[in-house]
Amino acid sequence: MAVNFSESRTKENLMKAFAGESQARNRYTIAAKKAEDEGMHTIAAVFRYTADQERAHAERYYALLKELAGETIHIDGSYPVDQQETLAELLRAAQHNEHEEYEDVYQAFGDAASEEGFHEAASAFYQIAEVEHVHEERFGKLAEMLENDTYYGGGSVTKWICTNCGYIHEGNQAPKFCPVCRYAQGYFLPYDFACYRGE
Ligand SMILES: [Fe+2]
Ligand SMILES: [Fe+2]
């Protein structure tokens, strides 16, 4: 059933998604600051990296609202107060929200857009849902390592990269200080999470 965009549910869903992504970006940026304060620089980097992707999602949804430029869209929505005390709890909260976006919210928005005949919007919802699934998994793995205290050793990780200088360490434990640049352990990232590995 083709629907006029200005009277569509999709218009509202795009604005809800824009609001949700915008808040996710800020929540992750705030969480990154907390991680920095605790010396967990690579957890901070993952939060910032993900925050940037949420900005990209917001930008995509916003672009799809362009034909309503100058108008105001009213939405009702529920948004989380994720101010948990520990990084592990913040990661779990983020994981939970990403899961909801992936499994429920964006599937429903995609289905509504398909029904209303807005196929570009439908694709955006479905494709971004897949990205949120990746976010969910990444946050979950990090949370688990913090909960088990295996982020820097004692678990299955046997390779870390110093995110300051690029030194790669293999062993059972990330070094307390990087032997190359002398930066603290908080700059070591389990290698599986590193971007641009060239493998
Ligand atoms: Fe997103
Ligand atoms: Fe996400």
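Going by the structure above, here's the rest.
Here's a quick rundown of the structure. Worth saying up front: this structure is predicted, and the values here are computed from it rather than measured.

Regarding the coordination of the iron ion (ligand 2)
Now for step 1: Taken together, Glu 54 (OE), Glu 98 (OE), Glu 98 (OE), Glu 132 (OE) and His 135 (ND1) make up the protein donors of the iron ion (ligand 2), found 1.9 to 2.4 Å from the metal.
Now for step 2: Between consecutive donor residues of the iron ion (ligand 2), the sequence gaps follow E-x43-E-x33-E-x2-H.
Now for step 3: In this structure, the iron ion (ligand 2) lies 3.6 Å away from the iron ion (ligand 1), the two metals sharing Glu 54 as a donor. Residue Glu 54 is found in helix α2 (residues 41-63), and its partner Glu 98 is found in helix α3 (residues 87-116); the two are separated by 44 residues along the sequence. Judged on exposure class, the residue Glu 54 and its partner Glu 98 are both buried.

Considerations on the packing of α3 against helix α4 (residues 119-147)
Now for step 1: Interhelical geometry of α3 versus α4 gives an angle of 165° and a closest axis separation of 7 Å. On the basis of their axis angle, the class for α3 and α4 is roughly antiparallel. In the packing of α3 onto α4, the handedness of the crossing is left-handed.
Now for step 2: Looking at the contact of α3 with α4 residue by residue, the classes come out as 18 nonpolar, nine polar and nine charged.

Description of the nonpolar core
Now for step 1: Counting 33 residues, the largest nonpolar core has Ile 43, Phe 47, Leu 142 and Tyr 151 as the members making the most contacts within it.
Now for step 2: Of all elements in the fold, only α1 (9-37), α2, α3, α4, β1 (159-162) and β3 (188-190) reach the threshold of two or more residues within this core.
Now for step 3: Once you skip the residues sitting within four places of it in the chain, Tyr 151 turns out to touch Met 40, Thr 42, Ile 43, Leu 142, Met 145, Leu 146, Trp 160, Phe 188, Leu 189 and Pro 190.
Now for step 4: Among the nonpolar cores identified, the runner-up in size contains 20 residues, and Leu 64, Tyr 102, Ala 121 and Ala 129 belong to it.

Rules used in this analysis
- Residues numbered from 1 in each chain as written.
- Chains lettered and ligands numbered in written order.
- Predicted model: local features only at pLDDT ≥ 70, side-chain atom pairs only at ≥ 80, totals over all residues.
- Heavy atoms only, no water.
- Donors = N, O, S within 2.8 Å, 3.2 Å for Na, K, Ca; no water.
- Helix = DSSP H or I, 4+ residues; strand = E, 2+ residues; numbered from the N terminus.
- Buried < 20%, exposed > 50% of the residue type's maximum accessible area, 1.4 Å probe, protein only.
- Axes fitted to C-alpha atoms, helices over the stretch in contact; angles between N-to-C directions.
- Parallel < 35°, antiparallel > 145°, perpendicular 65-115°, else oblique.
- Left-handed = near helix turned anticlockwise from the far one by under 90°.
- Nonpolar A, V, L, I, M, F, W, Y, C, P; charged D, E, K, R; others polar.
- Core = buried A, V, L, I, M, F, W, Y, C linked by side-chain atoms within 4.5 Å.
- Contact = heavy atoms within 4.5 Å.

Spatial relationships are all this shows, so hold off on functional conclusions.
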